[in-house]
Structures are given as C-alpha cells and as structure tokens.
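Residues per chain, in single letters:
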Amino acid sequence: MLISEQKERGRKFKLALRTGLPVLMLIGLVAYGMFWQDTTLTFGPKDALMIAALVFVTTYFIFFLLEEDSQKTLVDHTTNSYNYPAFLNHYKPSRPTSLGLLIINNLGTINENYGVDNINTMLRSLVYQLDGTLSALDIHSPIIGRKQGAEFLIGCNSDEEKLRKAILAFVVDHPSIHDIELDYRFGTLSHPEGELEKVFWHIRDMILSQTPKSTSTPPKSPIRNNEKNLDDLEQSIVEAIQNNRIAFTFRPLLNTKHQTIDTYEIAVKLQPETKEAIPPRTYLPIVNRLGFGRDYDLAILKHAVSLLPLIDENIAFSFNLSPFSLRNSDFQAKAFDVIDQSGVDPSRLIIELYERKTHHNLEGYLKTLGAFRARGLRICIDNFGSSNASMEYMRHFKFDMVQFDRDYVGKLDDQNNHAMLQSLVEMSQSLGITTVAKWVDKEPQKAKLITMGIDYLQGFGIAKPLSETQLIHTYNL
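Residues numbered from 1 in each chain as written. Predicted model: local features only at pLDDT ≥ 70, side-chain atom pairs only at ≥ 80, totals over all residues. Heavy atoms only, no water.

Description of the overall build of the protein
Piece 1. Within the protein, the secondary structure is distributed over 18 helices and 16 strands.
Piece 2. In the protein, buried positions account for 46% of the 477 residues.
Piece 3. In the protein, 70% of the contacts between residues at least 6 apart in sequence involve partners at least 24 apart.
Piece 4. Only carbon and sulfur atoms are counted for the fraction: they give 53% of the accessible area of the protein, which is about 25,100 Å². (Helix = DSSP H or I, 4+ residues; strand = E, 2+ residues; numbered from the N terminus. Buried < 20%, exposed > 50% of the residue type's maximum accessible area, 1.4 Å probe, protein only. Contact = heavy atoms within 4.5 Å. Areas by Shrake-Rupley, 256 points an atom, 1.4 Å probe, with all protein chains shown as cover.)

Focus: the pattern of salt bridges
Piece 1. One pass over the structure, following the stated rule, counts 16 salt bridges.
Piece 2. One salt bridge connects D330 with K334, and the closest N-O pair in it is separated by 3.4 Å. Placement of both D330 and K334 in helix α12 (residues 329-342) is noted, with a separation of four residues, approximately one turn of the helix.
Piece 3. The exposure class of D330 is partly exposed, given its relative accessible area of 42%.
Piece 4. By relative accessible area, which is 41% here, K334 ends up partly exposed.
Piece 5. Close ionic contact of D340 with R375 constitutes a salt bridge, the shortest N to O distance being 2.9 Å. Remark: R375 occurs in the loop between α13 (362-374) and β12 (378-384) and D340 occurs in helix α12; sequence separation between them is 35 residues.
Piece 6. Given the relative accessible area of 38%, R375 is considered partly exposed.
Piece 7. Taken together, the salt bridges that share partners define one network made up of R251, E265, D382 and K438. (Salt bridge = Lys/Arg side-chain N within 4 Å of Asp/Glu carboxyl O.)

Remarks on the side chain of S236
Piece 1. Along the chain, the position of S236 falls in helix α8 (residues 227-242).
Piece 2. A residue is classified by how much of its surface remains accessible, and S236, at 10% relative accessible area, is buried.
Piece 3. Dropping the residues within four chain positions of it, S236 is found in contact with P272, K275 and I278.

A closer look at the packing of helix α3 (residues 84-94) against helix α7 (residues 196-208)
Piece 1. Look at α3 against α7: their axes get within 11 Å of each other, and the N-to-C directions meet at 110°. Judged by the inter-axis angle, α3 sits roughly perpendicular to α7. Residues Y84, F87, L88 and Y91 of α3 form the contact with α7, whose own contacting residues are L196, E197 and V199.
Piece 2. Within the contact of α3 with α7, the residues separate by chemical class into six nonpolar, no polar and one charged. (Axes fitted to C-alpha atoms, helices over the stretch in contact; angles between N-to-C directions. Parallel < 35°, antiparallel > 145°, perpendicular 65-115°, else oblique. Nonpolar A, V, L, I, M, F, W, Y, C, P; charged D, E, K, R; others polar.)

Points about the nonpolar core
Piece 1. Among the nonpolar cores identified, the biggest contains 74 residues, and F317 and L449 are the most heavily contacted of them.
Piece 2. Excluding its chain neighbours within four sequence positions, the residues that come into contact with L449 are V409, L412, L421, A437, V440, I454 and L457.
Piece 3. Residues I104, L123, L126 and F186 belong to the second largest nonpolar core, which totals 28 residues. (Core = buried A, V, L, I, M, F, W, Y, C linked by side-chain atoms within 4.5 Å.)

What about α7?
Piece 1. In a regular helix each residue adds 1.5 Å, so 13 residues correspond to 18 Å; α7 covers 18 Å between its end C-alpha atoms and thus fits that length.
Piece 2. Inspection of α7 places L196, V199, F200, H202, I203, R204, D205, M206 and I207 among the buried residues, and these make up the whole buried set. (Expected span 1.5 Å × (residues − 1).)

Concerning the confidence of the model for the protein
Piece 1. Of all residues in the protein, 80% attain a pLDDT of 70 or more, and the chain-wide mean is 84.
Piece 2. For the stretch residues 213-225, pLDDT sits under 50, and the model shows 30 contacts to residues farther than four places along the chain or on other chains. (pLDDT = per-residue confidence, 0-100.)

Examining the sheet that holds strand β2 (residues 98-104)
Piece 1. Read across the open sheet, the five strands follow the order β1-β3-β4-β2-β7; overall the sheet is mixed. The sheet terminates laterally at β1 (82-83) and β7 (184-190), the two strands that pair on one side only.
Piece 2. Pairing between strand β3 (residues 143-148) and strand β4 (residues 151-156): five bridges, direction antiparallel. Bridge pairing in β4 links Q148 to E151.
Piece 3. Helix α6 (residues 160-173) contacts β2, β4 and β7 of the sheet and is inclined by roughly 170° relative to β7. (Pairing = 2+ DSSP bridges.)

Looking at the packing of aromatic side chains
Piece 1. Using the criterion set out here, one finds eleven aromatic pairs in the structure.
Piece 2. Ring geometry for F87 versus Y91: centroids 6.4 Å apart, planes at 20°, classification stacked. In this pair, F87 and Y91 both sit in helix α3, four residues apart, roughly one turn of the helix.
Piece 3. Residue class for Y91 comes out buried when judged on its relative accessible area of 1%.
Piece 4. Look at F336 and F372: their rings are 4.9 Å apart centre to centre, the planes differ by 55°, and that puts the pair in the tilted class. Separated by 36 residues along the polypeptide, F336 in helix α12 and F372 in helix α13 bring together distant segments of the chain.
Piece 5. Overall, the relative accessible area of 10% leaves F336 in the buried class.
Piece 6. According to the relative accessible area criterion, F372 is buried, its value standing at 2%.
Piece 7. Among the aromatic residues, ring-to-ring pairing joins F248, F250 and F317 into one connected group.
Piece 8. The residue whose ring lies beneath R327 is F324, and the NZ or CZ to ring-centre distance is 5.0 Å. (Phe/Tyr/Trp six-rings, centres within 6.5 Å; stacked < 30°, edge-to-face > 60°. Lys NZ or Arg CZ within 6 Å of the ring centre and 35° of its normal.)

Remarks on the packing of α12 against α13
Piece 1. Viewed as axis vectors pointing N to C, α12 and α13 meet at an angle of 10°, and their least axial separation amounts to 11 Å. When the axis of α12 is compared with that of α13, the two are roughly parallel. Across the interface between the two elements, F331, Q332, A335 and F336 of α12 pack against T368, A371 and F372 of α13.
Piece 2. Here the residues of the contact of α12 with α13 sort into five nonpolar, two polar and no charged.

Things to note about α6
Piece 1. For α6, with 14 residues, the first-to-last C-alpha span of 20 Å sits near the 20 Å given by 1.5 Å per residue.
Piece 2. Against the buried residues of α6 lie β2, α5 (116-136), β4, β5 (176-177) and β7.
Piece 3. Between a side-chain oxygen at the N-terminus of α6 and the backbone nitrogen of E161 the separation is 3.2 Å; the capping residue is D159. (Polar contact = N/O pair within 3.5 Å; in protein donor to acceptor, adjacent residues only side chain to side chain.)

If you want it as structure tokens, here you go:
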C-alpha cells in the first residue's frame, strides 16, 4: 500500500470519529431529555419538531464534513499517490535526503490516441509499480506525489545515487504499461533545500536540457548537484543575459554553386564572468521559465546586427529566434527598430525556425512571419522534414531557406532515406527555396549531397567554426 493511501486512510478514520462522536452525543442528550427524564413516555408536536431539528442539524453537519473531506483529501484521485498540496505538506517537515522527478514525456501523444479510462489506469499502475520497484530495491517508505499531468515527485531518505539507480531500473523494466509505450525522462537531487516549488523547477529544467540520442536508449539522470549549485546556475544565466555576456561561434556554410563561404550559422552560448560557457540545452529551459526569452532573443539580434558592418557586405548570418518572441508585438517593434537604426541590409539576417507542432493560430503566425519578411529578413525552416509542422508551414508560406534534419544527412547510404531527401530537395528547388545540409563531416558525404543539388553545406568536413575574433580578423586582413 502506498504511503499516501495509508495517510489518507488514517485521515478518513479521524474524520469518521469527528463526525460520529458528536452526532452520537447529540442524539443521546436529546433522547435523554425526551424519553428518559420523566418516567412517562410521551411524543407530541414539540417532540416531533425536536427530532426534525435534530435530523436537519445532523445531516447538515455530516455533509459539511464530507465537503471539507473532498477539499482536504491527500491523494490524487487518478493515481492514489499524494496530490501536490499533500506532498508539499509531507515534504516540509520530513525533508527527505533525496528527491526525484519522473516525467512521461509523450503524454500529449498518449492523450491523442488512448481513451481517458485507459490513461488513468496506466497512470495508476505506473505509481504502484514504481512504488514496488523502490521497495524491492530497499528504498523504504518513499513518498510519491503527482505534480501535474504526468510529472511525479519521489522523496526518500536513501542516498541520491540509490534513488537514481532505482528509478532507472523502473524505467528500463517498464518501457510500456498496459500496452501503452512510455517515453520517460527523470532526474534526481541530493539534499534539496529551499522551497519545493523552486526545487521542482530546478530539476525539471535540467531534465528538459537532456537530449536523448534515441527513444530506445534508457534516459540517464543529469541531476547530480545540490540546491546551491542549481541556484548559482540560475543566477549566472540571468546575469549573463542582463549583461549581454553572449558568446557566438560561427559555422561556415559553403555555397556549392560558387564554392565560397557567404553565410555563417550562429551557435550561441552564455558566458558568465567567472564560469565556463553554458550551452543552450542547459540555459534555455531556465530562460523560458523565468520569462527572459524575449530579452535573450533581442540580445542575439542586436549582437548579430552589430557584427555585420565589421565583415564583408556579402556575408549573411543565420540564427535561431523563438517563435514566441516573433509573435510578440513588443519584440517585433524593438527588433525592427534595431535593424532600421543599424542601416545594415536586412537580407543578411536569416531567422531560423523550428517547431514540432503547427501553431494553433496558423494564419496569425504566418502573418507575423510575413511582417519580418516584408522588412527584408529571410526566413528559414530548421530541421526540415523532422515533423509534420514544417510541411504544413511550407504549404502556406514562401520560405527562403530550409535546413534538412540531421537524420537525412547522416544516413545517405540508406535507400529509403536517400530517396526521401532527394524528393525534399527537388520539392524545394521547384518552389525556389534554398537548401542547406548540415553535419557534413566526410568527403563522400559531401560529394553525394552536391550531386543531389543541395545549395549549401555545413559541418567539420566543410570548415571549422570560427570565434567572433577569428571571423572579424578573416575579413579585415
């Protein structure tokens, strides 16, 4: 039995005592006053009114407590684990030595393909089987709580390494539950300090920064830090953005027609003053959660624009900007103002977009992209062919450039993959869209891609990335 169920059972027993004892005492007093105070038993209108009043008060009292019970329940009705408020109340006084977070990463897909009853049954089974795995591996009395959706918090007084291995064992042993395939992500934390909500977001941010190589590979836990380290990381990220400590690396794109480098893709890292550079997979979840996404994107745009006058006027930069920033009217106004004041040719700026799902307001979003394109900026789909969203956008908007997904470029020897990439290239050519293949590392790969008619190639097999200083020096000899 889950700890949450034991606690809930005890709470309901106390509630039954709170409900029953006062009612029994009240009935006893009324009965004594009506029937046993005098030796002669009488029952008149006064007595009937008294009994009716007793029934009303008793019924109201019981329903009041039941209503209170429904609001104060400890368990999540779907999974029988702790609900989040109850987990929080249990967490504060007990302060477990280790905390884990397990996320079902594909819950959205599951919701689209399975009924509510099947999903609820799966989630309930998941909690019981997780509890069973933890107990079998000598993690005693773990507390399991459901935060939201398919996010489960796990607290225990075992060391963090033991908890991490136990969760990993559960993930490996349960790739599916009730014939529903599950994509897990998880992290663990040792000796969590501070408010649980903040700790939760720290772990969640780190989990989201993982980049699993394949869905068949068991996920590894990236969280092996304490709360202080996570606080320091968050503070370093915020300070780096506020002080424009952004480090650019420039990846050359070879124009296959002219055999020249005329475009650079910008890779961004944050560079705190006293620490190593922080990669996007680590800082982006934190940036978005703290609401610094638009500030971060505007800083990238400003810095890119400031560098263009320092290099050859025929060189263009491509870089990622968040669709959430692009759709924001305040960001648009600031971005256009930066470009207008700089005096640079806007066509030298290429905005890369990557979205897994089509935006719900497609017409409005495409209108936004059209506003940027009308200003002279070029728009590129990144990881083209990796999702249905990119094809849907292609149907409705005239993009300037597409960058093919890494899987297409890395598997040219696969006949099916080669045929699909060739068809995407030909479709792009017929629409007048420039094509880009990245991650080109070998000469045979380069030769095949050129034969297929791809316009630009990028990768270590083409040219090594340049730092900002190296880029400026290259064009100012």
